[in-house]
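Structural description and commentary
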Amino acid sequence: MYSFIKLEDMNLAEAMEVFCDEYEQERSLVKALPKMDEELTSLFRELLENTQKNGMGYGLIIDDRLVGYIGFFGPFDGFFGLCKGVFSPFGCNTFGGEDKGKVASLLIAKCME
């Protein structure tokens, strides 16, 4: 069973834990990514806090545990040429859990509602 939570209502510590776990998994595959240290953790925490305060998005809860989230900024007019009402994906996103593809799909579908 799953449910959604608004990005601004997510627990920051829990969201950072999901992010750090996923970052380390990705880093094990992409050796060029820097090691997670205090400076990098602080940078990502600040990005997430800013997105929570000024953006929009959702977190996904599965079995009472946050497994991923996606955040956007916008809408912006003229972001891509003459487009109106564009949302930037350059907020934050983390897709974890056992089926990352499903987590990503559910979150993106929720944002498209």
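All of these numbers come straight from a predicted model, not from anything done at the bench.

A short note on the pattern of salt bridges
In the structure shown here, the tally under the stated rule is three salt bridges. A salt bridge links Glu-24 to Arg-27, with the shortest nitrogen-to-oxygen separation between them at 3.3 Å. Within this pair, Glu-24 and its partner Arg-27 are both found in helix α1 (residues 12-29), separated by three residues, close to a single helical turn. For Glu-24, a relative accessible area of 33% translates into the label partly exposed.

Notes on the nonpolar core
If you look at soluble globular proteins, the nonpolar side chains tend to sit buried side by side. Counting 14 residues, the largest nonpolar core has Met-10, Ala-15, Phe-19, Leu-48, Leu-66 and Tyr-69 as the members making the most contacts within it. The set of elements that each furnish at least two residues to this core consists of α1, α2 (38-54) and β3 (65-76). If you tally residues by element for this core, the top one is α1, at five residues. Grouped together as the second largest cluster of nonpolar side chains are seven residues, Leu-60, Val-103, Leu-106 and Leu-107 included.

Looking at the layout of surface pockets
Using a probe with the size of a water molecule, rolled over the atoms, empty space left in the structure can be pinpointed. Quantified by volume, the largest pocket comes out at close to 300 Å³. If you trace the largest pocket, you find 16 residues lining it, with Phe-19, Glu-22, Asn-93, Thr-94 and Phe-95 closest to the centre. Element by element, the count of residues in the lining of the largest pocket is highest for α1, at seven residues. Among the residues making up the lining of the largest pocket, the classes are represented as 10 nonpolar, three polar and three charged.

Here's the deal with the pairing of β3
With seven bridges connecting them, strand β2 (residues 56-62) and β3 associate as antiparallel partners. If you follow Ile-61 over to β3, its bridge partner there is Leu-66.

Quick word on α2
Taking 1.5 Å of rise per residue, the 17 residues of α2 would be expected to cover 24 Å, and the 24 Å separating its terminal C-alpha atoms lies within 8% of that figure. Turning to α2, its buried residues are Leu-40, Thr-41, Leu-48, Thr-51 and Gln-52. Here the buried residues of α2 occupy an arc of 110° about the axis, which is enough to place them on one side. Every exposed residue of α2 that faces more than 90 degrees away from the buried side is listed here: Glu-38, Glu-39, Leu-43, Glu-46, Lys-53 and Asn-54. Near the N-terminus of α2, the side chain that reaches the backbone nitrogen of Glu-39, with its oxygen 3.2 Å away, is that of Asp-37.

The rules we used
Residues numbered from 1 in each chain as written. Predicted model: local features only at pLDDT ≥ 70, side-chain atom pairs only at ≥ 80, totals over all residues. Heavy atoms only, no water. Salt bridge = Lys/Arg side-chain N within 4 Å of Asp/Glu carboxyl O. Helix = DSSP H or I, 4+ residues; strand = E, 2+ residues; numbered from the N terminus. Buried < 20%, exposed > 50% of the residue type's maximum accessible area, 1.4 Å probe, protein only. Core = buried A, V, L, I, M, F, W, Y, C linked by side-chain atoms within 4.5 Å. 1 Å grid on protein atoms, 1.4 Å probe; cavity = no way out; pocket = protein on both sides within 12 Å on 5 of 7 lines; lining within 4 Å. Points joined across faces, edges and corners; volume = space filled by probe spheres on them. Nonpolar A, V, L, I, M, F, W, Y, C, P; charged D, E, K, R; others polar. Pairing = 2+ DSSP bridges. Expected span 1.5 Å × (residues − 1). Arc of directions from axis to C-beta. Polar contact = N/O pair within 3.5 Å; in protein donor to acceptor, adjacent residues only side chain to side chain.

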